[in-house]
Amino acid sequence: KFSTKEAKGGTSSNNGKDSEDGVLIEITERIEPCGNLCKLPYINDETLEPLERFENCKKFLLWLDQKDGLRGWYAKVLGDGGTVKIGDQVQPLAAA
């Protein structure tokens, strides 16, 4: 779990108002790399043969799967909610 309250410079808001309580966020699961990423133009180069495109996609997905979280994470806002904006700082909470 993470909070914007304890993080220096946290600017989260709750219903459009500044929130002194911050926002409590829980990381729920990692984002699994999927074939949709192969639609990206730098992976699916149209000048390549279909087999080469497939191999590029396969290598890219395997590379993303090497480390947990390399592709990203899903998270949810807990409690009364609030808003986490780009640039907000977050800090991990001690495990309960």
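Cut-offs and rules
- Residues numbered from 1 in each chain as written.
- Predicted model: local features only at pLDDT ≥ 70, side-chain atom pairs only at ≥ 80, totals over all residues.
- Heavy atoms only, no water.
- pLDDT = per-residue confidence, 0-100.
- Helix = DSSP H or I, 4+ residues; strand = E, 2+ residues; numbered from the N terminus.
- Contact = heavy atoms within 4.5 Å.
- Phe/Tyr/Trp six-rings, centres within 6.5 Å; stacked < 30°, edge-to-face > 60°.
- Buried < 20%, exposed > 50% of the residue type's maximum accessible area, 1.4 Å probe, protein only.
- Disulfide = S-S within 2.5 Å.
- Patch = residues over 30% accessible without salt bridge, like charges linked within 9 Å, V, L, I, M, F, W, Y side chains within 5 Å.
- Areas by Shrake-Rupley, 256 points an atom, 1.4 Å probe, with all protein chains shown as cover.
- Salt bridge = Lys/Arg side-chain N within 4 Å of Asp/Glu carboxyl O.
- Core = buried A, V, L, I, M, F, W, Y, C linked by side-chain atoms within 4.5 Å.

J.: How do you make sense of the confidence of the model for the protein when you look at a structure like this?
T.: Averaged over the protein, the pLDDT score is 78; the fraction of residues at 70 or greater is 79%. Summarising per-element confidence for the protein, the mean pLDDT is lowest in strand 3 (residues 17-18) (40) and highest in helix 1 (residues 50-64) (92). Low confidence marks residues 6-19, where pLDDT is under 50. Its contacts with residues over four positions away, or in another chain, come to 26 contacts.

J.: Got a minute to help me understand the packing of aromatic side chains in this structure?
T.: Pairs of aromatic rings are described using the distance from one ring centre to the other and the angle between the two planes. In this structure the tally under the stated criterion is 2 aromatic pairs. Measuring from ring centre to ring centre gives 6.4 Å for F60 and W63, while their planes differ by 15°; the resulting arrangement is stacked. Of the two residues, F60 and W63 both sit in helix 1, 3 residues apart, roughly one turn of that helix. Judged by its relative accessible area of 17%, F60 is buried. Given the relative accessible area of 45%, W63 is considered partly exposed. Feature note: the residues Y42, F60 and W63 constitute an aromatic cluster, connected by ring pairs.

J.: What's the story with the state of the cysteines in this structure? I'm lost.
T.: What the rule picks out here adds up to 1 disulfide. Each sulfur of the disulfide joining C38 and C57 lies 1.5 Å from the other. On the S-S bond that ties C38 to C57, the torsion sits near 70°, and the link is right-handed. Remark: C57 occurs in helix 1 and C38 occurs in the loop between strand 4 (24-30) and helix 1; sequence separation between them is 19 residues. Accessibility classification places C38 together with C57 in one group, the buried group. The structure places no disulfide on C34, whose sulfur is separated from the nearest cysteine sulfur, that of C38, by 8.1 Å.

J.: Any chance you could explain a nonpolar patch on the surface here in plain terms?
T.: Among the surface-exposed residues, V77, V84 and V90 lie close enough to one another that they form a single nonpolar patch of about 200 Å² accessible area. Structurally, V90 is set in the loop between strand 5 (73-78) and strand 6 (91-92).

J.: Explain the nonpolar core here, please?
T.: A general tendency of soluble globular proteins is for nonpolar side chains to be buried together. Counting 7 residues, the largest nonpolar core is built from L37, C38, I43, C57, F60, L61 and L64. With residues up to four places along the chain from it excluded, the contact list for F60 reads L37 and I43.

J.: Is there a simple way to explain the pattern of salt bridges in this structure?
T.: Side chains bearing opposite charge may pair, as long as their charged atoms lie close to each other. Tallied over the full model, the rule gives 4 salt bridges. Salt-bridge contacts for E26 lead to K76; the nearest nitrogen and oxygen are separated by 3.8 Å. Residue E26 is found in strand 4, and its partner K76 is found in strand 5; the two are separated by 50 residues along the sequence. K76 gets classed as partly exposed once you look at its relative accessible area, which sits at 42%. A salt bridge links R30 to D65, with the shortest nitrogen-to-oxygen separation between them at 2.4 Å. In this pair, R30 is assigned in strand 4 and D65 in the loop between helix 1 and strand 5, connecting sequence segments 35 residues apart. Residue R30 is classed as buried on the basis of its relative accessible area of 16%. Salt bridges linked by common partners bring R30, E32, D65 and D68 together as one network.

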